[in-house]
Each structure stands twice: as C-alpha cells, then as structure tokens.
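# Observations on chain architecture
Listed below, chain by chain, are the residues.
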Amino acid sequence: MKITKANGKVEYALINSLKKRAGETDQKIVDIVTTIIKEVKENGDDAVREYTVRFDGGVPKKTVIEKEELQSYLDMVDDDFLTAITNAKNNIYDFHLRQAQQSWMTTQDNGVIMGQRVRGLHKVGIYVPGGTAAYPSSVLMNAIPAKIAGVGEIIMVTPPGRDGNPNPNIMAAAAVAGVDRVFLVGGAQAVAALAYGTEKIPKVDKIVGPGNIFVATAKKLLYGVVDIDMVAGPSEILIVADKTADPSFLAADLMSQAEHDKLASAILLSTSTDLAKATVKEIEKQIKYLERMEIIEQSLDNYCEIIVCEDLDQAIDFANELAPEHLELCVSEPLKYIGRVDNAGSVFLGNWSPEPLGDYYAGPNHVLPTSGTARFFSPLSVDSFIKKSSFIYYTPQELRKAKDDIIKLAETEGLTAHANSIKVRFD
C-alpha cells in the first residue's frame, strides 16, 4: 500500500478512482440476464429448470425444503457453530426489535381522524449464494428484520452444491432465523422466478440478499416489478486512526475487507506517518498467513491507500466525502467524533470494535450502502420490510371549512375535476 500526504487533491482523486470500479455493468451481462428474465417470465418453471441445468450442471432431486424439514439441519452442523449463530441471532434480534414502528391514529375535537397503518410485506425473497461465498451470517441479517417487521412469508433461494444438496450451515441459519421455505435454485433465474412467480416458486414483494454479478444485475433490472434492498458494489472499509492506534490491528482490519474481492477497497487515514509505515510492515507480515492472500494483494495494489492527514478534523471531513460502507474510528476518544460522522453505513468506535464484530455478531445489520451511497441510503433494517398507509376521516362540517382552500389549489393547478369533487358536495 502506498502512503501519500493529504493535500486537497490526492484524496479526491482516490474517490474518483473508487467510483470507476463500481461503474456500469458490462452490456453482455445485461443482455444475458435480460434474456433469462424474459424466458422465466414467459415459461416459468421450465425456464428455471433449463437454466439450472445449463449453469449448475443439473437439477437437484429435491427443489424445495419446508420449514419443518429445516429444523433437521440443526443436527447436521457443528455444536460450536450452532451456539455462535444462536448468540448472534439473539443480538441481531435485540438490536432490530428497537426499530419496529407502530401504527398510530390521532383524533381531534372537531371529529377529524387521521393516522398511519404500518404492516409487514406479504412475501419477501432472500437470495443466499452457495459455493465458496456461502455466508450464514447473511441469512440472519436479512431474515431477522423481516421477521420483526411482520412479513407474512420469508422465501429463501440458494443454489445447491455439486452433490445436489444445500449447504447445511446455511440451512441451519435459515432454521434459526425463521425462514419459512427454501428453494434450491440460484442465479438470475431464481431472482426472476421470485419477481414474477412460477407454479412452484411464489411471487414476492421484495428481494434482498447478496449475489454475483448476474444476480445483482437481475435485481437491478427487475426493480419496479419487485422491490429490492440495494444494488451493492464492492466492499469497502475506511479507518481513521491517530497515534494511539495499534498498527497490527489496523493491518488486520484493512485486510479483513480486502479479502472479499479484488475490487474491494481498504483505506487508512492517519495523523501519524510513523503509524502509517508501521501498518504497511504489519500488512507484509500478516498477509503471508492468510488463505485469500492473492485476492488481498490485488485489492491492496489497486484500490487501497494510506493517506496521512494534518489532523482528525481533516480525516473526518474526507470520511464524510467518501461515505464508506464501514468506518472505523481507531482514535483515543472515538465518541467525541460520532456526532461529526454524517455519511457512513456503519461506524465502529475504538480499537476494540473491529468491523467483523458488526459483520457477524454485535447486532446492527451488515447489509450496508456502498460506493458512496451512504450519503442517502441506510443499512437494511426493519423499515426495509414494512409498508405504510395513511388514512383520513373528515366530517361534513370540517370539509366545508376547508373547501375553498382545496378548490383554489386544484384550480390553480388546472385540475378542475379535483375542484369539482369538492364542489358537488356543497352545491
């Protein structure tokens, strides 16, 4: 990782380079996914089966696992894993339970009644990758907020392994999180099936969860037919550190994100040149023992940098400009700066709150906005799985009092039928 000094230019050149890595999807992929979506829309399960054979080599003997059967996978996983995922589930549930909203109604002395009704979506689809990118933690992070929101049914899709069976850790996580049904199908065809519905796979209101470029493109193209969580870009971490930080911690945390993807970015903003140099040495020492060393090296070479800032205020200002997915404040007084951070997906305070704590265990959601979208997007939450309706009740007397204002506004906008809707009630 190269070390540069902040000068008001180098920082923003870095932002521009990071934006380019999350650019437009290759047109060839868009064309392939568009064809898959069209085929699934027109031919349903037959198309899903055809693409599953083409991309996965065959269709598993069993394509759906009901809720009762999910429980059997709890006996197929390591006891320590089950304990860990249960403890994580409890933390995630407790955090998200505090986000739950209530319907409300207000009545006024004049007889007017107004309010808002909040309820969960009817059906939600969760996409869970298989193979080497099988992440049970994502099952928890997507399903638990949906459960708290009151979603009627949670449908999970995940590709089976080469042997036709699902990953047991993912199935156990689904059982712990309260998933209702699992379909063993993946890829863009699974996303299209959830969006339009087939004879076997139900149509859902929203699709959430990570996936490869084909899955992400399918979600993007189908937005509007169905709601989605977000179009996620490569993972990213930004660490702000003062001289009190431990370089071995910083190196480990930077590489914890770099191992995700060769396009992942890991950036350190430090007020100390000595700390920056020590962190580079720690990276060189620790990387030798990491299984995904090749991916980490590519990420560090292309999208990672250490920038030495004049002070922490300058570093925080830059952090707000970058709007990172993950932001670590490895400084002596992290709580002093939390009010200054406006743009970040999730903030980790102090040297003992590393990013993996949020990925797996603490409670806040790890489905976060990327590529600078933390400027206007929020993490996945209970709010992501609800819909709201307002309601209004007016008496004849109160409508009479308001009629002239409403008629004036409608006629000003040239909507005379709107005005007439009011007038006929008092002619």
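For clarity, every value in this text was computed on a predicted model and none was experimentally measured. (Residues numbered from 1 in each chain as written. Predicted model: local features only at pLDDT ≥ 70, side-chain atom pairs only at ≥ 80, totals over all residues. Heavy atoms only, no water.)

### Side note on the overall build of the protein
- Helix and strand counts for the protein stand at 16 helices and 15 strands.
- Overall size of the protein, expressed as C-alpha extent along the three principal axes, is 85 × 60 × 45 Å.
- Taking all 427 residues of the protein together, the buried fraction comes to 48%.
- A separation of at least 24 residues holds for 76% of the contacts in the protein among residues at least 6 apart in sequence.
- Of note, the protein has its 45 positive side-chain charges centred 5 Å away from the centre of its 58 negative side-chain charges. (Helix = DSSP H or I, 4+ residues; strand = E, 2+ residues; numbered from the N terminus. Buried < 20%, exposed > 50% of the residue type's maximum accessible area, 1.4 Å probe, protein only. Contact = heavy atoms within 4.5 Å. Lys, Arg positive; Asp, Glu negative; His and termini not counted. Charge placed at Lys NZ, Arg CZ, Asp CG, Glu CD.)

### Focus: a nonpolar patch on the surface
- On the surface, a nonpolar cluster with roughly 230 Å² of combined accessible area is contributed by I32, I213 and F214.
- The residue I213 is located in helix α9 (residues 213–222) in this model.
- Looking at I213, the relative accessible area reads 39%, which means it is partly exposed. (Patch = residues over 30% accessible without salt bridge, like charges linked within 9 Å, V, L, I, M, F, W, Y side chains within 5 Å. Areas by Shrake-Rupley, 256 points an atom, 1.4 Å probe, with all protein chains shown as cover. Salt bridge = Lys/Arg side-chain N within 4 Å of Asp/Glu carboxyl O.)

### What to know about the sheet that holds strand β10 (residues 236–241)
- One open sheet holds the 6 strands; their spatial order is β1-β12-β11-β10-β13-β14, and the pairing between them is parallel. Pairing within the sheet leaves two strands with one partner each, and these edge strands are β1 (3–5) and β14 (346–349). Going from strand to strand, the sheet's axes swing by 20° on average, the running direction of each strand aside.
- In the sheet, β10 pairs with strand β13 (residues 326–330) via 5 bridges, with the strands oriented parallel. Considered in β13, the bridge of V240 is made with L329.
- Of the strands in this sheet, β10, β11 (265–270) and β13 touch helix α13 (residues 312–322), which is tilted by about 165° from β10. (Pairing = 2+ DSSP bridges. Axes fitted to C-alpha atoms, helices over the stretch in contact; angles between N-to-C directions.)

### Quick look at the packing of aromatic side chains
- Evaluation of the coordinates by the stated rule reveals 3 aromatic pairs.
- Measuring from ring centre to ring centre gives 5.8 Å for Y51 and F55, while their planes differ by 15°; the resulting arrangement is stacked. Of the two residues, Y51 and F55 are both situated in helix α3 (residues 45–56); the distance of 4 residues between them amounts to about one turn of the helix.
- Consider the rings of F376 and F377, whose centres lie 5.0 Å apart with planes at 65°: the pair is edge-to-face.
- With relative accessibility at 46%, the residue F377 sits in the partly exposed group. (Phe/Tyr/Trp six-rings, centres within 6.5 Å; stacked < 30°, edge-to-face > 60°.)

### Focus: the state of the cysteines
- Taken as a whole and judged by the stated rule, the model has 0 disulfides.
- Among the cysteines around C309, which has no disulfide bond, C330 carries the closest sulfur, lying 14 Å off. (Disulfide = S-S within 2.5 Å.)

### Here's the deal with the side chain of N343
- By the secondary structure assignment, N343 is in the loop between β13 and β14.
- Classification of N343 by relative accessible area gives buried; the value is 17%.
- Within polar-contact distance, the side chain of N343 engages the backbone oxygen of N320 at 2.8 Å.
- Look past the residues within four positions of N343 in its chain and what remains in contact with it is A319, N320, A323, P324, A374 and R375. (Polar contact = N/O pair within 3.5 Å; in protein donor to acceptor, adjacent residues only side chain to side chain.)

### Describing α13
- Listed in full, the buried residues belonging to α13 are L312, A315, I316, F318, A319, N320 and L322.
- A side-chain oxygen of the first residue of α13 lies 3.3 Å from the backbone nitrogen of D313; this N-cap is D311.
- Of the residues trailing α13, A323 is marked for its positive phi of about 50°.

### A look at the sheet that holds strand β2 (residues 64–66)
- Here 6 strands make up an open sheet; going across it, the order is β2-β7-β6-β5-β8-β9 and the pairing mixed. The sheet is open, and its two borders are formed by β2 and β9 (227–228), each paired with just one other strand.
- Of the pairings in the sheet, the one linking strand β6 (residues 153–157) to strand β7 (residues 181–183) comprises 3 bridges and is parallel in character. Following the sheet pairing, I155 is matched in β7 by R181.
- Along the sheet, helix α6 (residues 136–149) makes contact with β5 (123–127), β6 and β8 (206–208), crossing β6 at roughly 165°.
- Running over the sheet, helix α8 (residues 187–196) touches β5, β6 and β8 and is turned about 175° from β5.

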